Amino acid sequence: MPAVERPLRILAALVMVALVAGAAIVFVRAQELKSAPSPIIAPRISDRTFSPNAFKPTRRAATLTVGLRQTGPARVVIFDRDDAQVAMADMRQRGRRITASWSGRLANGELAPDGPYRFAVLLPQQDRTIRIPDPIFLDATPPKVESDAKPGQRISPGLEGGAGTYSFTLTANEPVDR
């Protein structure tokens, strides 16, 4: 039995050394990546909550503006809450500056479900994908608005010689921007 035990102990020691060395290599590489400056500069998102059918045209898409540290090709994609890529953003690149927008359409052209999404910048030459941590929110469901105004009543201020006031209340099931 002792003759079999010794090779097993040596094998176990070698496996342990290999695991420790592998962990050290991975740790050093992770530290290098964390210490390196990000390949993107100053990402900014406008209209974080947007709707393709918004009254204001500027609220119909979320827009990402970002700079690159190095000139090179880039793409901007959209990830859903499950971290699955669902669409490519419309993108313009001028040198190291990227402007990308997404109107809520999936890769197949259909409208995406309401909810949170994230921009990500793909840099193929560096083999990197940088996910923008700030979410954007697609809200294509119109609010339900109710009023206590009397149905059929006409408002005609100043007609028939009189001036008056008429007040009523509107309520909505979600915040409504002006």
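In short, a report on the structure. These numbers were taken from a predicted model, which means no experiment stands behind them.

Points about the overall build of the protein
Now for step 1: Tallying secondary structure elements over the protein gives 1 helix and 12 strands in all.
Now for step 2: Each helix and strand of the protein, placed in order from N terminus to C terminus, yields the pattern α-β-β-β-β-β-β-β-β-β-β-β-β.
Now for step 3: Scored against the burial criterion, the 178 residues of the protein give a buried share of 22%.
Now for step 4: For the protein, the exposed area adds up to about 12,900 Å²; of that, 57% sits on carbon and sulfur atoms.

Section: the packing of aromatic side chains
Now for step 1: This model, assessed by the stated rule, comprises 2 aromatic pairs.
Now for step 2: Where F50 meets W102, the ring centres are 5.8 Å apart and the plane angle is 70 degrees; that geometry is what we call edge-to-face. Within this pair, whereas F50 is found in strand β2 (residues 49-50), its partner W102 is found in strand β7 (residues 97-102), the two being separated by 52 residues in sequence.
Now for step 3: Exposure remark for F50: the relative accessible area of 1% places this residue in the buried category.
Now for step 4: By way of ring pairs, the aromatic residues F50, W102 and Y117 are connected into one cluster.
Now for step 5: The ring of F79 has R131 sitting right over it, with the charged end atom 4.1 Å from the ring centre.

Observations concerning unusual backbone geometry
Now for step 1: In this structure, D83 takes a positive phi of about 65 degrees despite not being glycine.
Now for step 2: Secondary-structure assignment places D83 in the loop between β4 (75-79) and β5 (85-88).
Now for step 3: Classification of D83 as partly exposed rests on a relative accessible area of 46%.
Now for step 4: In this model, D127 sits at a positive phi of 55 degrees, which is unusual for a non-glycine residue.
Now for step 5: Within the secondary structure, D127 sits in the loop between β8 (115-123) and β9 (128-131).

So, a nonpolar patch on the surface
Now for step 1: Taken together, the side chains of V4, L8, L11, V15, M16, L19 and V20 make up a nonpolar region of the molecular surface, amounting to roughly 690 Å² of accessible area.
Now for step 2: Position of M16 among the secondary structure elements: in helix α1 (residues 2-35).
Now for step 3: What makes M16 exposed here is its relative accessible area of 52%.

Regarding the sheet that holds strand β1 (residues 40-46)
Now for step 1: Ordered by their spatial adjacency, 4 strands build an open sheet running β1-β3-β7-β6, and the pairing between neighbours is antiparallel. Edge positions in the sheet fall to β1 and β6 (90-94), since each of these pairs with one other strand and no more. On average, adjacent strands in this sheet sit at an angle of 15 degrees to one another, irrespective of strand direction.

What to know about the side chain of T65
Now for step 1: One can find T65 in strand β3 (residues 62-68).
Now for step 2: You can call T65 buried: its relative accessible area is 10%.
Now for step 3: What T65 contacts, discounting residues up to four positions off in sequence, is A42, P43, R44, R97, I98 and T99.

Topic: the environment of V77
Now for step 1: Here V77 shows up in strand β4.
Now for step 2: A relative accessible area of 0% means that V77 is categorised as buried.
Now for step 3: Taking the C-alpha atoms as reference points, V77 and S101, separated by 24 residues in sequence, lie 9.7 Å from one another.
Now for step 4: When sequence neighbours within four positions are dropped, the list of residues in contact with V77 reads Q85, A87, M88, A89, R118, F119, A120 and L122.

Basis of the calculations
Residues numbered from 1 in each chain as written. Predicted model: local features only at pLDDT ≥ 70, side-chain atom pairs only at ≥ 80, totals over all residues. Heavy atoms only, no water. Helix = DSSP H or I, 4+ residues; strand = E, 2+ residues; numbered from the N terminus. Buried < 20%, exposed > 50% of the residue type's maximum accessible area, 1.4 Å probe, protein only. Areas by Shrake-Rupley, 256 points an atom, 1.4 Å probe, with all protein chains shown as cover. Phe/Tyr/Trp six-rings, centres within 6.5 Å; stacked < 30°, edge-to-face > 60°. Lys NZ or Arg CZ within 6 Å of the ring centre and 35° of its normal. Patch = residues over 30% accessible without salt bridge, like charges linked within 9 Å, V, L, I, M, F, W, Y side chains within 5 Å. Salt bridge = Lys/Arg side-chain N within 4 Å of Asp/Glu carboxyl O. Pairing = 2+ DSSP bridges. Axes fitted to C-alpha atoms, helices over the stretch in contact; angles between N-to-C directions. Contact = heavy atoms within 4.5 Å.

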